[in-house]
Amino acid sequence: MSTTRYDVIIIGAGAAGMLAALEIALTGRVVAVIEAKDRTGGRIHTINYTGFEKPVEMGAEFVHGDLPTTVNLFEKAGIKKHSATGEAWEYKEGALEKRRDFIEDYDALVKKFKSLNNDISVADFMKQYLADSQYEELRASLKNYVQGYYAGDIDKASTYALYEELTGGEEKDYRVDGGYGQLAAWLEKQTRAKGVQFFLLEEVREINWKTLDVEIVTNKQTLHGKKVLVTVSIGVLQSEMIRFSPALPGKMSAAKKLGFGHAIKTNLQFTGPFWKDKAFTRGKKMSKLNFLFSNQPIPTWWTQHPRKEALLVGWLAGPPAESVTTVAKDVVVENAMQSLAQIFSMEPALLQQKLLAAAWYNWSADKHFYGAYSYSVVDGEAIIKSMIEPVENTIYFAGEGLHHGNEIGTVEAALTSGRNVARQLIAQFDSTIY
Ligand SMILES: Cc1cc2nc3c(=O)[nH]c(=O)nc-3n(C[C@H](O)[C@H](O)[C@H](O)COP(=O)(O)OP(=O)(O)OC[C@H]3O[C@@H](n4cnc5c(N)ncnc54)[C@H](O)[C@@H]3O)c2cc1C
């Protein structure tokens with residue numbers, strides 16, 4: 001039971017919460033971080049399970065470009081990354097083909113984008129601009145892209161954001177040597193060294209507040225402080241599992257308008273990279289396989305190319321992932337194995353013999369996330385602006401979904417949002433006599 005009166009209590013020990021804690025603690029303020037899980041990192045979740053050749057990412061895996069906040073922290077922490085390269089392939093109508101673009105008929109799409117006068121949802125865009133039967137494949141590939149990459153719903157996803165993303169030029173993707181978990185571990189270490197107190201395995205249930213006075217009720221205790229910074233996922237905010245008193249109806253209705261995507265990630269470790277063996281690729285040379293797209297129950301797959309690990313990652317995202325929130329582990333892995341057996345035209349028993357270990361995470365079924373990551377919606381900028389406006393210099397919100405821009409939904413977004421809101425919070429301390 002803590003009797004301390006904290007300057008700032010932060011809810012959530014993910015990337016946003018921990019970087020914010022560090023920034024605030026560096027100014028000498030007394031900070032507590034409350035985290036529902038028994039670990040820090042949140043959606044950065046690198047595991048070291050027996051049977052896998054190397055640490056495996058259950059959550060964030062890629063660094064999407066040369067992102068300033070992430071790169072800066074990696075340098076400080078001595079964390080290295082390597083390029084994720086290789087070829088994209090597609091399994092379609094029983095054949096494996098190399099894929100040129102992520103989107104079919106890219107040039108036709110760009111022309112249609114250019115005729116758009118205001119932002120609309122991707123579903124409306126397809127209805128209004130791509131209704132003709134000649135665009136059937138393009139519609140399917142756009143929907144797959146929004147679901148697969150954004151983990152998003154075409155009824156909510158912003159067409160302007162999609163346009164920017166698709167025409168913004170190729171960005172280089174990287175993976176983190178040894179796993180993203182090192183960033184979480186480094187942030188926790190730095191933060192603890194600055195005196196920040198962590199309360200793990202404590203789920204916040206209520207926030208009772210008045211100006212510069214907050215009472216945080218968890219499943220174990222009540223903590224008191226001057227300000228609270230809430231960094232839980234948009235999914236958790238939308239669920240209203242944290243009760244504010246007095247209530248914040250404006251914030252809650254804004255949160256519900258934001259887009260929060262769903263995903264189930266399955267990591268399968270095999271005895272060797274069978275996808276490099278022409279016996280299983282219908283004679284195709286797929287030794288540089290990076291991404292593989294299909295129409296199977298687990299539709300998207302990727303390797304660790306150019307690294308040699310015999311690991312395949314299966315990805316089911318968007319509304320189809322939301323609708324399978326209750327499936328058991330065996331069902332997920334079985335679906336994944338069946339998908340692979342079909343794609344590589346392999347006897348399921350043979351594939352099973354090659355499987356060494358499996359690990360999966362259904363992020364939507366976990367009440368501390370209720371989904372995977374955010375995507376841009378129509379009017380998203382205005383909604384995010386209203387969400388990050390502090391309530392009476394007392395209640396603040398940050399996290400990956402409250403960062404406006406192309407990086408929304410990423411570790412970079414979480415870090416940037418956490419840091420920016422922390423700086424705003426610090427400045428507002430300085431402008432009061434407290
Ligand atoms: C499957 C998957 C793949 C991803 N891939 C990538 C990728 O390749 N590249 C990339 O950059 N990003 C990726 N992301 C997104 C990235 O992981 C997130 O954007 C980022 O980690 C979010 O950080 P955050 O601090 O905003 O939120 P979180 O990490 O969610 O932190 C919030 C914390 O709040 C805690 N919490 C929730 N409710 C309560 C409560 N009531 N009381 C106390 N604590 C609570 C949670 O346990 C959590 O630890 C991926 C995410 C997932 C799920």
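Note that the structure is a prediction, hence the values are computed from the model and not measured.

1. Some remarks on the overall build of the protein
The number of helices and strands found in the protein is 14 helices and 22 strands. Counting only C-alpha atoms, the protein reaches 70 × 55 × 40 Å along its principal axes. Burial status across the protein gives 57% buried among its 434 residues. Within the protein, the 52 negative side-chain charges are centred at a point lying 4 Å from the centre of the 49 positive side-chain charges.

2. Concerning the packing of aromatic side chains
Scanning the entire structure with this criterion turns up 21 aromatic pairs. Seen in terms of ring centroids, Phe113 and Phe125 are 5.2 Å apart; in terms of plane orientation they differ by 15°. Their pairing is stacked. In this pair, Phe113 is assigned in helix H3 (residues 106-114) and Phe125 in helix H4 (residues 122-129), connecting sequence segments 12 residues apart. Like Phe125, Phe113 is buried.

3. Observations regarding the sheet that holds strand S20 (residues 355-362)
Across a sheet, strands are paired by hydrogen bonds formed along the backbone, either parallel or antiparallel in direction. Reading across the sheet, the 7 strands line up as S8-S7-S17-S18-S19-S16-S20 and stay open at both edges, with mixed pairing between neighbours. Strands with a single pairing partner mark the edges of an open sheet, and in this sheet they are strand S8 (95-98) and S20. For this sheet the average axis-to-axis angle between neighbouring strands, irrespective of direction, equals 20°. Judged from the 7 bridges that link them, strand S16 (residues 263-270) and S20 form a sheet pairing that is antiparallel. Residue pairing across strands places Thr266 opposite Trp360, the latter belonging to S20.

4. A closer look at the site of the ligand
Around the ligand sit 41 residues in total, of which Glu35, Arg43, Phe62, Val204 and Val411 are the nearest. Ala15 has a polar backbone atom sitting 3.2 Å from an oxygen atom of the ligand. The backbone of Val411 places a nitrogen or oxygen atom 2.9 Å from an oxygen atom of the ligand. In the complex, 98% of the free accessible area of the ligand, which totals 1000 Å², lies under the protein chains.

5. Let's talk about helix H2 (residues 68-77)
Those residues of H2 that sit buried are Thr69, Thr70, Leu73 and Phe74. One side of H2 holds all its buried residues, which, seen down the axis, span an arc of 130°. Every exposed residue of H2 that faces more than 90 degrees away from the buried side is listed here: Pro68, Glu75 and Lys76. Where H2 is buried, its residues meet helix H1 (15-25), strand S5 (62-64), strand S6 (81-83), strand S9 (173-176), helix H7 (181-193) and helix H14 (411-430). Positive backbone phi, at 70°, marks Gly78, one or two positions downstream of H2.

6. Some details on the sheet that holds S9
Reading across from one edge, S5-S9-S6 is the order of the 3 strands in this open sheet, with antiparallel pairing throughout. Only two strands of the sheet have a single partner each, and these edge strands are S5 and S6. In this sheet, neighbouring strand axes are inclined to one another by 35° on average, regardless of whether the strands run parallel or antiparallel. The pairing of S5 with S9 spans 3 bridges and is antiparallel.

7. A few points about the domain arrangement of the protein
One can read the domain layout of the protein as domain 1 (5-41 + 180-258 + 375-430), domain 2 (46-67 + 74-85 + 173-178 + 261-365) and domain 3 (104-167). Domain 2 and domain 3 are separated by 27 Å when their C-alpha centres are compared. Counting residues at the interface gives 8 residues for domain 2, matched by 6 residues for domain 3. Overall, the association of domain 2 and domain 3 removes approximately 490 Å² of surface from exposure, summing both partners, and the carbon and sulfur fraction of that is 58%. Area buried by domain 2 at its contact with domain 3 is led by Trp315, Ala317 and Pro319, which between them contribute 51% of it. Across the contact surface, domain 2 and domain 3 share 0 salt bridges. Where domain 2 packs against domain 3, one counts 2 residue pairs in polar contact (both at pLDDT 80 or more). Put simply, the parts of the chain that give the side of domain 2 that touches domain 3 at least two residues each are strand S19 (311-317) and helix H10 (319-322).

8. Considerations on the pairing of strand S7 (residues 87-92)
Most of S7 sits out of view: 5 of its 6 residues are buried. Relative to strand S17 (residues 289-293), S7 runs parallel, the two being bridged by 4 bridges. When the bridges of S17 are listed, Glu90 appears paired with Phe293. Where S7 and S8 come together, 4 bridges link them in antiparallel fashion. Across the sheet, Trp89 pairs through a bridge with Lys98, a residue of S8. As consecutive antiparallel partners, S7 and S8 are separated by 2 residues, and within that stretch Glu93 has a phi angle of approximately 45°, a positive value.

9. Thoughts on the environment of Asp177
Topologically, Asp177 is positioned in the loop between S9 and H7. On the basis of relative accessible area, Asp177 is assigned to the partly exposed category, the value being 26%. C-alpha separation for the pair Asp177 and Pro55, spaced 122 residues apart in sequence, amounts to 9.4 Å. The residues contacting Asp177, other than those within four sequence positions of it, are Lys80, Lys81, His82, Gln182 and Arg307.

What counts, and where the lines are drawn
Residues numbered from 1 in each chain as written. Predicted model: local features only at pLDDT ≥ 70, side-chain atom pairs only at ≥ 80, totals over all residues. Heavy atoms only, no water. Helix = DSSP H or I, 4+ residues; strand = E, 2+ residues; numbered from the N terminus. Buried < 20%, exposed > 50% of the residue type's maximum accessible area, 1.4 Å probe, protein only. Lys, Arg positive; Asp, Glu negative; His and termini not counted. Charge placed at Lys NZ, Arg CZ, Asp CG, Glu CD. Phe/Tyr/Trp six-rings, centres within 6.5 Å; stacked < 30°, edge-to-face > 60°. Pairing = 2+ DSSP bridges. Axes fitted to C-alpha atoms, helices over the stretch in contact; angles between N-to-C directions. Near = heavy atom within 4 Å. Polar contact = N/O pair within 3.5 Å; in protein donor to acceptor, adjacent residues only side chain to side chain. Areas by Shrake-Rupley, 256 points an atom, 1.4 Å probe, with all protein chains shown as cover. Arc of directions from axis to C-beta. Contact = heavy atoms within 4.5 Å. Domains from an automatic or database assignment. Buried area = accessible area lost by both parts, 1.4 Å probe. Salt bridge = Lys/Arg side-chain N within 4 Å of Asp/Glu carboxyl O.

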